[in-house]
Amino acid sequence: QKEVEQNSGPLSVPEGAIASLNCTYSDRGSQSFFWYRQYSGKSPELIMFIYSNGDKEDGRFTAQLNKASQYVSLLIRDSQPSDSATYLCAVLKPNAGGTSYGKLTFGQGTILTVHP
Amino acid sequence: DVKVTQSSRYLVKRTGEKVFLECVQDMDHENMFWYRQDPGLGLRLIYFSYDVKMKEKGDIPEGYSVSREKKERFSLILESASTNQTSMYLCASSLALYQSSYNSPLHFGNGTRLTVT
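Our subject in this report is the structure included herewith. A quick note: this is a predicted structure, and the numbers were derived from the prediction, not measured. (Residues numbered from 1 in each chain as written. Chains lettered and ligands numbered in written order. Predicted model: local features only at pLDDT ≥ 70, side-chain atom pairs only at ≥ 80, totals over all residues. Heavy atoms only, no water.)

1. Here's the deal with the sheet that holds strand β6 (residues 54-58) of chain A
Strand pairing in a sheet is mediated by backbone hydrogen bonds. Such pairs are either parallel or antiparallel.
Residue and element names in this part refer to chain A.
Reasoning step 1: Ordered by their spatial adjacency, five strands build an open sheet running β1-β3-β8-β7-β6, and the pairing between neighbours is antiparallel. This sheet does not close on itself; its edge strands, each paired only once, are β1 (4-6) and β6. Pairwise comparison of adjacent strand axes, ignoring direction, gives a mean angle of 20 degrees for this sheet.
Reasoning step 2: In this sheet, strand β7 (residues 61-66) lies alongside β6 in antiparallel orientation, the contact comprising five bridges. The residue bridging aspartate 58 from the neighbouring strand is phenylalanine 61, located in β7. (Pairing = 2+ DSSP bridges. Helix = DSSP H or I, 4+ residues; strand = E, 2+ residues; numbered from the N terminus. Axes fitted to C-alpha atoms, helices over the stretch in contact; angles between N-to-C directions.)

2. Description of the pattern of salt bridges
Reasoning step 1: Under the counting rule described, the total for this entry stands at nine salt bridges over all chains.
Reasoning step 2: The closest approach of N and O atoms between aspartate 38 of chain B and arginine 44 of chain B, which form a salt bridge, is 2.9 Å. (Salt bridge = Lys/Arg side-chain N within 4 Å of Asp/Glu carboxyl O.)

3. Quick look at unusual backbone geometry
All names here are of chain A.
Reasoning step 1: Backbone geometry places glutamine 70, a non-glycine residue, at a positive phi of 55 degrees.
Reasoning step 2: Looking at the element boundaries, glutamine 70 is found in the loop between β7 and β8 (71-76).
Reasoning step 3: At aspartate 78, a residue that is not glycine, the phi angle is positive and equals roughly 50 degrees.
Reasoning step 4: Relative to the helices and strands, aspartate 78 resides in the loop between β8 and β9 (85-92).
Reasoning step 5: Residue class for aspartate 78 comes out partly exposed when judged on its relative accessible area of 40%. (Buried < 20%, exposed > 50% of the residue type's maximum accessible area, 1.4 Å probe, protein only.)

4. What to know about the sheet that holds strand β3 (residues 19-25) of chain B
Residues and elements named next belong to chain B.
Reasoning step 1: With antiparallel pairing, four strands are arranged side by side in an open sheet as β1-β3-β8-β7. The outermost strands of the open sheet, each flanked by one partner alone, are β1 (4-6) and β7 (64-70). Across the sheet, the mean angle from the axis of one strand to that of its neighbour is 20 degrees, orientation sign disregarded.

This is the structure:
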């Protein structure tokens, strides 16, 4: 089982719809969860992070975390063609002793296409 | 704004060559990382460093080594390049915080697309 798993897609949604991106992880000790967006030919950029169970909203983006189910999701409301990109889920877990040094494990990414 | 600069955008090397990929960050970050990105596999961590002259293996270190002589610079070395090392290589940095870095995101460079023939 992969440590971090995402549907590779592509996920296609019409403009204005809600895009729902999902991610599961295998290690219950995982602490924090990140969503990165990567446009074609560009490097990833952070759009959301979450570390408590529940929802976290930032503009049109909502991250949802359920640690019991080992599941994290990203909702994009009012999707725009400019949201078309690959979305990478990343998980942070501590090394033995509690320090983490910021080491993230990434999923393979979900390709999102928003069509006009 | 944090800037992470990778010295080459595109690189073509021959099998067996020793290859150096250079990365420099300008924000005094403690942590630096080298990832490779391949279609269907996502980003995989090769090596990381949390201090000068310190390094730790990531998930796929075989065939690679690293050097961090100065805080701002982190080099990835392919000792003897092979065709299966053809990939996009991404360098990243982050500010280290004690115990966790949930509010210290990774800042990525623009990547180096390496082709080994």
